[in-house]
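# Fold and contact review
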Amino acid sequence: MAVFAVQYTYTDDAERVQSVRPEHREHLRELHAEGTLLLAGPLSGAPGALLIVRADSEEAALAALDGDPFQRERIIVDRSAREWSVSIGDLPGA
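Scoring rules and cut-offs
Residues numbered from 1 in each chain as written. Predicted model: local features only at pLDDT ≥ 70, side-chain atom pairs only at ≥ 80, totals over all residues. Heavy atoms only, no water. Helix = DSSP H or I, 4+ residues; strand = E, 2+ residues; numbered from the N terminus. Rg over C-alpha atoms; globule rule 2.2 N^0.38 Å. Buried < 20%, exposed > 50% of the residue type's maximum accessible area, 1.4 Å probe, protein only. Contact = heavy atoms within 4.5 Å. Areas by Shrake-Rupley, 256 points an atom, 1.4 Å probe, with all protein chains shown as cover. Lys, Arg positive; Asp, Glu negative; His and termini not counted. Charge placed at Lys NZ, Arg CZ, Asp CG, Glu CD. 1 Å grid on protein atoms, 1.4 Å probe; cavity = no way out; pocket = protein on both sides within 12 Å on 5 of 7 lines; lining within 4 Å. Points joined across faces, edges and corners; volume = space filled by probe spheres on them. Nonpolar A, V, L, I, M, F, W, Y, C, P; charged D, E, K, R; others polar. Pairing = 2+ DSSP bridges. Axes fitted to C-alpha atoms, helices over the stretch in contact; angles between N-to-C directions. Polar contact = N/O pair within 3.5 Å; in protein donor to acceptor, adjacent residues only side chain to side chain.

## Observations regarding the overall build of the protein
- The secondary structure content of the protein amounts to three helices and four strands.
- Against the globule reference of 12 Å for 94 residues, the protein gives a C-alpha radius of gyration of 13 Å, in line with a compact fold.
- In terms of principal-axis extent, the alpha carbons of the protein reach across some 40 × 25 × 20 Å.
- Residue burial in the protein is summarised as follows: out of 94 residues, 35% are buried.
- Restricting the contact set of the protein to residue pairs at least 6 apart, pairs at least 24 apart contribute 70%.
- Summed over its atoms, the accessible surface of the protein is roughly 5,800 Å², and 48% of this surface lies on carbon and sulfur atoms.
- Taking the average place of the 9 positive charges on the side chains of the protein and the average place of its 16 negative ones, the gap between the two points comes to 4 Å.

Written out as structure tokens, the structure reads:
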């Protein structure tokens, strides 16, 4: 399995983001517990996040995140996945 960096871009509607965030974070905690999601966190400067996912392909990385409440509620307006090779340091679970 490979590691993928998935970038989310969120809607500018901060109120909607806040209202769904607890459910979103609970879902991500479940993916982390099962070993699919390695790391996740918001990006500064613009509404969005970076998630590090273990999967077999870019398509599989995005599919693993399809159940995210942010996706369901259309808070994510764009997302992309790129394979990421760690060359320095250790990535938990990789």
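What follows picks up the thread again.
## Topic: the layout of surface pockets
- The volume enclosed by the largest pocket comes to roughly 240 Å³.
- What lines the largest pocket is a set of 17 residues, and nearest its centre among them are H24, R25, L28, A40 and G41.
- For the lining of the largest pocket, the secondary structure elements donating two or more residues are β1 (2–10), α1 (14–33), β2 (37–42) and β3 (48–55).
- Here the element with the most residues in the lining of the largest pocket is α1; it accounts for six residues.
- Residues that form the lining of the largest pocket fall into these classes: 11 nonpolar, three polar and three charged.

## Some details on the sheet that holds β3
- Taking strand neighbours across the sheet as the criterion, the four strands line up as β2-β3-β1-β4 in an open arrangement whose pairing is antiparallel. A strand with exactly one partner marks an edge of an open sheet, and here the two such strands are β2 and β4 (76–83). Averaged over all neighbouring strand pairs, the angle between strand axes comes to 15°, with direction disregarded.
- Relative to β3, β2 runs antiparallel, the two sharing five bridges.

## Points about the environment of R21
- Looking at the element boundaries, R21 is found in helix α1.
- Remark: the alpha-carbon pair of R21 and P69, spanning 48 residues in sequence, is separated by 8.3 Å.
- Side chain to side chain, R21 and Q18 meet in a polar contact 2.3 Å long.

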